[in-house]
Amino acid sequence: MKALNAIGLMSGTSLDGVDVALVEMTEKRNGCDFKLTAFQTYPYTSPIKERIYGASSGREIVPSEICQLDFDLGKIFATAVLKFLKTIGLRPSHIDLIGSHGQTICHIPRKSTLQIGEASVIAEMTGITTISDFRPADIAAGGEGAPLAPYFHYLLFRRLQKVGSGGIGVLNIGGMSNLTCIPENAKQKDVVAFDTGPGNVLIDGAIQHLTHKRKQYDEDGKIAAKGKIDENLLKQLLKHPFISKKPPKSTGREEFGEAMVESILKKGRDLKSEDIIATVTAFTAHAIAENYRKFILPQFPLREIVASGGGAKNKTLFVMLQQLLPAVQLKHFEDYHLNGDAIEAMAFAVLAYEAVEGQSLDLRLVTGARHPVILGKISPGHNFKRVFLN
């Protein structure tokens, strides 16, 4: 396959909406080259957001509700693609492939994982062959099933020729936080990556509780900036075993979700709201920094960490992180003239391309899988024979 246009779809733990990225890819001797040509986020309505949250938060829910939500999200993802194409003046026939991460409902590392948003619905509504369900193959091979974006981080910074002396770090602060370490002169198998713990999930959850959902998140970290960190509560939070757990490791709302938010609010019931938010923000920063200090920096003397995700826009969190990691310069993807919001959607466009090319990914130092695996399942669209069988 010489060149194609692929759409990447991403819906993360923060439940902001559906990220849609159009990526132009060209086959090269050392792998594919890629370019972002358009990007848009389509926010979820409050009702669908509540349904997703209910299905993924550990509340009792009957199987038929998850079953229906799976198909409803497929329709939402497909509708987002069709709106996106209309906006940028393209027809579905101009697109060869869709890579859809889906919406994670449950993730039990090394045991099982469930991402919904039925790919057959996407393929039927758009007519475009869709690759989905990227995580199960890695778990079947003994891996964590996450994180998967580090493969794209490696390709991206290798292409930019920015992996200099000491290597480079990538930090995604979404609902959960995960890091990628790309050592100097690294090959794919040398990349190290894992989840560090919470990203925005606890901050958002506390904000929503304390404001009775009048606010969904701490914009620019303004509320945290007004508060005072409660050191006793912070020390308690930092005892969470995931923070010091050795990688490979991945996590989700099962560990850092509604139950933990309620526990924090109970422990901090005598604190001001802004002090709770400041403390939870500090916990998030310390959890990330501790993982760098313990598992990355002793072996890899990184000079830069490039951050993306909603948490990278939280100025208070960003300042805390820089203070905790003074020897490393924190940057944003925008410093490299890249759209940080589009990175994960782009990643799944590229992963879809690799799947249809039959390319095994070596994620043994990322997920702990026993061997390289091809990720993703194919749902043929009306274009399948034209694009893939000629």
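Asks: Go over the packing of helix α1 (residues 46-56) against helix α2 (residues 63-88) with me, naming the residues and quoting the values.
Replies: The contact between α1 and α2 brings their axes to 11 Å, and the two run at 135°. Of the possible angle classes, the one that applies to α1 and α2 is oblique. Where α1 crosses over α2, the two elements pack in a sense that is left-handed. Touching Ile 48, Arg 51, Ile 52 and Ala 55 of α1 are Ile 66, Gln 68, Leu 69, Asp 72, Leu 73 and Ile 76, all from α2.

Asks: A description of the pattern of salt bridges should follow, citing residues and the corresponding values.
Replies: Counted according to the given criterion, the structure contains nine salt bridges. Where Lys 189 meets Asp 190, a salt bridge forms, and the shortest distance between an N and an O atom there is 3.3 Å. A relative accessible area of 46% means that Lys 189 is categorised as partly exposed. Ionic pairing is found between Lys 313 and Asp 341, a salt bridge with its closest N-O pair at 2.9 Å. Note that Lys 313 is positioned in the loop between β10 (304-308) and α12 (315-324) and Asp 341 in the loop between β11 (329-332) and α13 (343-356), a separation of 28 residues in sequence.

Asks: So what about the side chain of His 153? Which residues, and what values?
Replies: Mapped onto the secondary structure, His 153 falls in helix α5 (residues 150-159). Not counting residues within four places of it along the chain, the set of residues in contact with His 153 comprises Val 170, Thr 180, Ile 182 and Ile 343.

Asks: Go over the state of the cysteines with me, naming the residues and quoting the values.
Replies: For the structure shown, the criterion picks out zero disulfides. No disulfide involves Cys 67; its nearest neighbouring cysteine sulfur is the one of Cys 106, lying 17 Å away.

Asks: Give a detailed account of unusual backbone geometry, specifying residues and quantitative values.
Replies: With omega at -10°, the peptide bond leading from Ala 146 into Pro 147 counts as cis. Residue placement: Pro 147 occurs in the loop between α4 (136-140) and α5. Residues Pro 247 and Pro 248 are joined by a peptide bond in cis, for which omega reads 5°. Residue position: Pro 248 is located in the loop between α9 (241-244) and α10 (258-267). Positive phi, normally seen in glycine, also occurs at Asn 185, with a value near 60°. Looking at where Asn 185 falls in the secondary structure, it is placed in the loop between β8 (176-182) and β9 (192-198).

Thresholds, definitions, all that
- Residues numbered from 1 in each chain as written.
- Predicted model: local features only at pLDDT ≥ 70, side-chain atom pairs only at ≥ 80, totals over all residues.
- Heavy atoms only, no water.
- Axes fitted to C-alpha atoms, helices over the stretch in contact; angles between N-to-C directions.
- Helix = DSSP H or I, 4+ residues; strand = E, 2+ residues; numbered from the N terminus.
- Parallel < 35°, antiparallel > 145°, perpendicular 65-115°, else oblique.
- Left-handed = near helix turned anticlockwise from the far one by under 90°.
- Contact = heavy atoms within 4.5 Å.
- Salt bridge = Lys/Arg side-chain N within 4 Å of Asp/Glu carboxyl O.
- Buried < 20%, exposed > 50% of the residue type's maximum accessible area, 1.4 Å probe, protein only.
- Disulfide = S-S within 2.5 Å.

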